[in-house]
Amino acid sequence: MRHTLPIAPQFYVTAPQTCPYLEGRAERKLFTALQGEGAGRLNDALSKQGFRRSQNVLYRPSCADCSACMSARIRVADFTPSRTQRRVLRRNDDLKREATSPWATEDQYTLFRRYLDSRHADGGMADMDIFEFAAMIEETPVKTRVIEYSTTPAVGSRKRPLTAVCLTDVLDDGLSMVYSFYDPARIDDSLGTYIILDHVALARQVSLPYVYLGYWVPGSRKMGYKANFSALEIYKAGTWQPIGDPCAHSSETHPLSVDPIAEQVARISLPDTKPVRG
């Protein structure tokens with residue numbers, strides 16, 4: 001006999017913590033576990049509703065009185081690089097892309113540590129050891145790839161030095177850039193921008209309509225660069241919409257700006273039910 005059971009993940013809320021994007025504010029996340037046979041479909045469905053993946057957890061901001069963080073994605077078909085972005089592509093034409101399975105290596109971790117020590121020495125990942133790094137890369141219940149970028153080998157060497165890495169989920173409608181890092185010695189080459197541009201090119205090659213960039217936060221210098229990409233959409237008020245003028249989106253707080261958690265959860269669309277053998 002076949003029975004149809006609903007996929008019903010449980011949602012939880014984290015305790016308030018210091019916001020990493022806007023000074024003087026507290027951050028809170030709504031999250032659920034990502035596991036089992038339906039993990040891929042759940043990741044696809046919730047990514048379209050502003051959620052992001054971290055290992056085996058899906059989350060999105062749910063702060064008590066702030067709704068500044070908005071998920072952002074690029075419409076691949078409509079994207080056109082700016083003059084500055086075309087220069088970034090030319091400046092990094094020595095890089096070679098290779099997509100691998102989600103498996104952590106010592107070269108990746110060495111580059112990761114150099115990146116953190118140079119760019120985010122006081123961030124939440126600053127104390128991450130090699131085992132935690134491996135968990136970040138390898139603990140994924142969905143279709144994930146590690147996109148590595150290497151440069152021209154030194155004279156007398158055959159090995160191409162690892163220059164940048166991006167942990168990327170393959171969704172049913174796009175590529176989701178989970179986390180990226182790069183050689184801090186090449187800061188002037190705008191490698192972060194290059195990785196995004198290359199993901200747009202890769203999505204176009206495989207006919208995927210979107211590249212998901214994570215969160216854009218008006219008023220945050222750390223996240224402001226995402227507004228520099230054309231054909232950018234943001235997930236705001238429960239729908240995807242063109243970003244328009246970035247200055248038109250406020251980062252102001254308001255005590256009534258966020259709906260109660262129960263209402264937020266009730267509006268989440270979950271994947272279709274699936275048949276289960278009984």
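A brief report on the enclosed structure follows.

Quick notes on the rules
Residues numbered from 1 in each chain as written. Predicted model: local features only at pLDDT ≥ 70, side-chain atom pairs only at ≥ 80, totals over all residues. Heavy atoms only, no water. Pairing = 2+ DSSP bridges. Helix = DSSP H or I, 4+ residues; strand = E, 2+ residues; numbered from the N terminus. Axes fitted to C-alpha atoms, helices over the stretch in contact; angles between N-to-C directions. Contact = heavy atoms within 4.5 Å. Parallel < 35°, antiparallel > 145°, perpendicular 65-115°, else oblique. Nonpolar A, V, L, I, M, F, W, Y, C, P; charged D, E, K, R; others polar. Buried < 20%, exposed > 50% of the residue type's maximum accessible area, 1.4 Å probe, protein only. Core = buried A, V, L, I, M, F, W, Y, C linked by side-chain atoms within 4.5 Å.

### Section: the sheet that holds strand 9 (residues 96-100)
Here eight strands make up an open sheet; going across it, the order is 9-10-11-12-13-8-14-15 and the pairing mixed. Looking at the sheet topology across the chains shown, the edges are occupied by strand 9 and strand 15 (239-242). The average undirected angle you get between the axes of adjacent strands in this sheet is 30 degrees. Running over the sheet, helix 5 (residues 191-205) touches strand 8 (70-75), strand 9, strand 10 (144-150), strand 11 (162-170), strand 12 (174-182) and strand 13 (210-216) and is turned about 155 degrees from strand 12.

### Remarks on the packing of helix 3 (residues 106-119) against helix 4 (residues 130-138)
Between helix 3 and helix 4, whose axes approach to 11 Å, the crossing angle comes to 105 degrees. With respect to helix 4, the element helix 3 is oriented roughly perpendicular. Here Gln108, Tyr109 and Phe112 of helix 3 lie close against helix 4, whose contacting residues are Ile130, Phe133, Met136 and Ile137. Residues that form the contact of helix 3 with helix 4 fall into these classes: six nonpolar, one polar and no charged.

### As for the environment of cysteine 247
With respect to the helices and strands, the residue cysteine 247 is situated in the loop between strand 15 and helix 6 (261-266). Taking the relative accessible area as the measure of exposure, cysteine 247 reaches 72% and is therefore exposed. Separated by 29 residues in the primary sequence, cysteine 247 and proline 218 have C-alpha atoms spaced 7.6 Å apart.

### Let's talk about the nonpolar core
Ile74, Phe112, Phe133 and Phe181 are the most contacted members of the largest nonpolar core, which totals 49 residues. Other than its neighbours up to four places away in sequence, phenylalanine 112 contacts Met125, Met128, Phe133, Met136, Tyr179 and Phe181. Counting residues in each nonpolar core, the second largest holds eleven residues, with Leu30, Leu34, Ala39 and Phe51 among its members.

### What about the sheet that holds strand 6 (residues 52-54)?
Across the sheet, four strands lie side by side as 2-5-7-6; this open sheet has antiparallel pairing. Strand pairing shows two members of the sheet lacking a second neighbour, strand 2 (11-13) and strand 6, which therefore form its edges. With strand direction ignored, the average angle separating the axes of adjacent strands in the sheet is 35 degrees. For strand 5 (residues 29-33) and strand 7 (residues 57-61), the ladder comprises five bridges, and the chain directions are antiparallel. In the strand pairing of strand 7, threonine 32 is matched with leucine 58. Against the sheet, helix 1 (residues 39-47) engages strand 2, strand 5, strand 6 and strand 7, with an angle of about 10 degrees to strand 7.

By themselves, these are just geometric observations and shouldn't be taken as functional.
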